[in-house]
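This is what each chain is made of:
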Amino acid sequence: MFSEEIKKYDRDLIKDKIYSATKTDVEISLGKEKRTLEDFLNLISPAAINYLEEMAAISNKTTQKRFGKTVQLYIPLYLSNICENNCVYCGFSSSNKIKRTILSKDEILKEVEILKSYGYEHILLVAGEAPKKVGVDFYLETIELIKPYFSQICIEVQPLEQDEYKQLIDAGLNSVYVYQETYHKGNYSSYHPSGKKADFDFRVNTPDRLGNAGIHKIGLGVLLGLEDWRIDSAFTALHLGYLEKKYWRSKFSISFPRLRPHVGSFDPQYPISDKELVQLICAYRLLDEELELSMSVRESPTFRDNIIKLGITSMSAGSKTEPGGYAAQNEALEQFEVHDDRTPAEICNMIKRQGYEAVWKDWDNILQ
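Definitions and limits used
Residues numbered from 1 in each chain as written. Predicted model: local features only at pLDDT ≥ 70, side-chain atom pairs only at ≥ 80, totals over all residues. Heavy atoms only, no water. Helix = DSSP H or I, 4+ residues; strand = E, 2+ residues; numbered from the N terminus. Rg over C-alpha atoms; globule rule 2.2 N^0.38 Å. Buried < 20%, exposed > 50% of the residue type's maximum accessible area, 1.4 Å probe, protein only. Areas by Shrake-Rupley, 256 points an atom, 1.4 Å probe, with all protein chains shown as cover. Lys, Arg positive; Asp, Glu negative; His and termini not counted. Charge placed at Lys NZ, Arg CZ, Asp CG, Glu CD. pLDDT = per-residue confidence, 0-100. Contact = heavy atoms within 4.5 Å. Arc of directions from axis to C-beta.

1. Considerations on the overall build of the chain
Within the chain one finds 16 helices and nine strands. The C-alpha radius of gyration of the chain comes to 20 Å, within 12% of the 21 Å expected for a compact globule of 368 residues. By its C-alpha atoms, the chain is 60 × 45 × 35 Å across when sized along the principal axes. When the 368 residues of the chain are sorted by exposure, 60% land in the buried category. Only carbon and sulfur atoms are counted for the fraction: they give 48% of the accessible area of the chain, which is about 15,100 Å². The chain carries 46 positive and 54 negative side-chain charges, and their two centres are separated by 2 Å.

The structure is reproduced here in structure tokens:
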């Protein structure tokens, strides 16, 4: 399990490697055909910020070789904002005084009707962590309910046990996204003072349970702004490498959520600039050409437009971050403020203007 593997690595030593990297180290890493974790550390270092043009060119070429000039579109469907966790950075936190709700089957189908009218085949089910009220049985019923309408069903919900994931996979689940938020175990509890999410080891071992259950795709990521993005990203890459070796039948993706305003807003202590985020995205592509890289509506329209050619392979469009938000918008229920509020059609047209194709299904289907 990764909770044991991570003990082999010293956070301060990794920090020193990143911040002591030189221009020569960066140039050597850029010149390689196949790169290692050591190269990734060089490419996310402060020394690499002056090599963005070279990194972007390699990232563009590498991404086109594997994925073509395509961007997969997906959309989240928020099922509930009830949450038992008290996460200091989240609008769903149990300490926030917001209206709570769980969508009924009829309400879910109303949402689905609207999402299908946009053209979506790829849906991401999202919910706060409240297993007593919104648990495995609820997810099984929801998957059975919406399965006739979508070719790909993914979830971003509370971490589950291996046998529970197996039940959902057998029901039609394709992918699971589970973000560690931060790999800094010493500070993790300060961001998660109560609730099941406070258990660092249980959360960090979730991808192991997913791999053992035979999931098609596992999504990883940290919440950019909680801790030093370079160090947390180094540990994400460590985690990715461990998982790819152990669960080679599964695919993997990385997301780049930056902290956004919400009810009870939390100010980022370690902000990451647009330029640094571009550096991070390109560094991941240079590390792993098979990796799917995803961008949400947390980012601005300008940033999302410009990132299309730099390695991103999937993005959300037209997203609402509150339960029932497509049929009846209620911002009092939202998890975070959307930054790019353009419609799916507008995003699709933007992608086409850049010479790329917006696709609605998984890569396996479109590349056959």
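There's plenty left to go through after this.
2. Quick word on unusual backbone geometry
Although it is not a glycine, Glu 181 sits at a positive phi angle of roughly 75 degrees. As for its placement among the helices and strands, Glu 181 is situated in the loop between β4 (175-177) and α9 (185-191).

3. Some words on the confidence of the model for the chain
Looking at the chain, pLDDT values average 92 and 94% of them are 70 or higher. Low pLDDT, under 50, characterises residues 363-368; the stretch is placed with 12 contacts to residues that sit more than four places away or in other chains.

4. Quick look at the environment of Ser 273
Secondary-structure assignment places Ser 273 in the loop between β6 (251-255) and α13 (274-287). Between the C-alpha atoms of Ser 273 and Ile 143, which are 130 residues apart in sequence, the distance is 38 Å.

5. Thoughts on helix α8 (residues 162-171)
Looking at α8, one finds that the buried residues are Tyr 165, Leu 168, Ile 169 and Ala 171. All buried residues of α8 lie within an arc of 160 degrees about the axis, which places them on one face of the element. Gly 172, located one to two residues past α8, shows a positive phi value of around 130 degrees.

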